[in-house]
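Coordinates in review
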Amino acid sequence: MLPATELFESVWRRSRPYLREAGDLLPTDRRILQLMLSRTTDAATAHLGTSPRTVQRRVRALMDPAAVTSRVQLGRYAMRNNWV
């Protein structure tokens, strides 16, 4: 069994960023944005195989690199930057 620090380091080396590049979204994130822009609720969006809370976290994670503070701003940013 690996010590915790060695385990962490081995997993860290194989990890990848949540957003690879500004316009290079994961397919699930792109779908979440599409549903958000069509005014689908988080609960309905969760049919992607996740929970409404996970949808909220992923939307929040998309807001950070877009440097926005609301979903409306995120939608506008996503449309202008070809995220959807």
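A few points on the structure. (Residues numbered from 1 in each chain as written. Predicted model: local features only at pLDDT ≥ 70, side-chain atom pairs only at ≥ 80, totals over all residues. Heavy atoms only, no water.)

Considering the packing of helix H2 (residues 27-37) against helix H4 (residues 52-66)
Packing of H2 against H4 leaves a shortest axis separation of 10 Å and a crossing angle of 100°. In terms of orientation, H2 and H4 fall into the roughly perpendicular class. The segment H2 lies against H4, with Thr-28, Asp-29, Ile-32, Leu-33 and Met-36 engaging Val-55, Arg-58, Val-59 and Leu-62. The residue makeup of the contact of H2 with H4, split by class, is 6 nonpolar, 1 polar and 2 charged. (Axes fitted to C-alpha atoms, helices over the stretch in contact; angles between N-to-C directions. Helix = DSSP H or I, 4+ residues; strand = E, 2+ residues; numbered from the N terminus. Parallel < 35°, antiparallel > 145°, perpendicular 65-115°, else oblique. Contact = heavy atoms within 4.5 Å. Nonpolar A, V, L, I, M, F, W, Y, C, P; charged D, E, K, R; others polar.)

Re the pattern of salt bridges
Applying the stated criterion across every chain yields a total of 3 salt bridges. One salt bridge in this structure joins Arg-71 and Asp-42, with 3.0 Å as the shortest N-O distance. Separated by 29 residues along the polypeptide, Arg-71 in helix H5 (residues 71-80) and Asp-42 in helix H3 (residues 42-45) bring together distant segments of the chain. For Arg-71, a relative accessible area of 33% translates into the label partly exposed. Of the residues examined, Asp-42 reaches a relative accessible area of 15% and is grouped as buried. Residues Arg-60 and Asp-64 are paired through a salt bridge, measuring 2.7 Å at the closest nitrogen-oxygen approach. Of the two residues, Arg-60 and Asp-64 both sit in helix H4, 4 residues apart, roughly one turn of that helix. When its relative accessible area of 40% is taken as the criterion, Arg-60 is described as partly exposed. (Salt bridge = Lys/Arg side-chain N within 4 Å of Asp/Glu carboxyl O. Buried < 20%, exposed > 50% of the residue type's maximum accessible area, 1.4 Å probe, protein only.)

A short note on H2
Along H2, the residues classified as buried are Asp-29, Ile-32, Leu-33, Leu-35 and Met-36. Burial along H2 is one-sided: seen end-on, the buried residues are contained in an arc of 165°. Along its buried surface, H2 packs onto H3, H4 and H5. Backbone geometry just after H2 places Arg-39 at a positive phi near 65°. (Arc of directions from axis to C-beta.)

Some details on unusual backbone geometry
Phi angles above zero are rare outside glycine, and Ala-67 is one such case at about 60°. Mapped onto the secondary structure, Ala-67 falls in the loop between H4 and H5. Of note, Asn-82 is a non-glycine position whose phi angle comes to about 55°, a positive value.

Quick word on the packing of H2 against H5
Contact geometry of H2 with H5 gives a least axis separation of 10 Å together with a crossing angle of 115°. At the point where H2 passes H5, the crossing takes the left-handed sense. Residue-level inspection shows Leu-33, Met-36 and Leu-37 of H2 in contact with H5, the latter providing Arg-71, Leu-74, Gly-75, Ala-78 and Met-79. Classifying every residue of the contact of H2 with H5 gives 6 nonpolar, 1 polar and 1 charged. (Left-handed = near helix turned anticlockwise from the far one by under 90°.)

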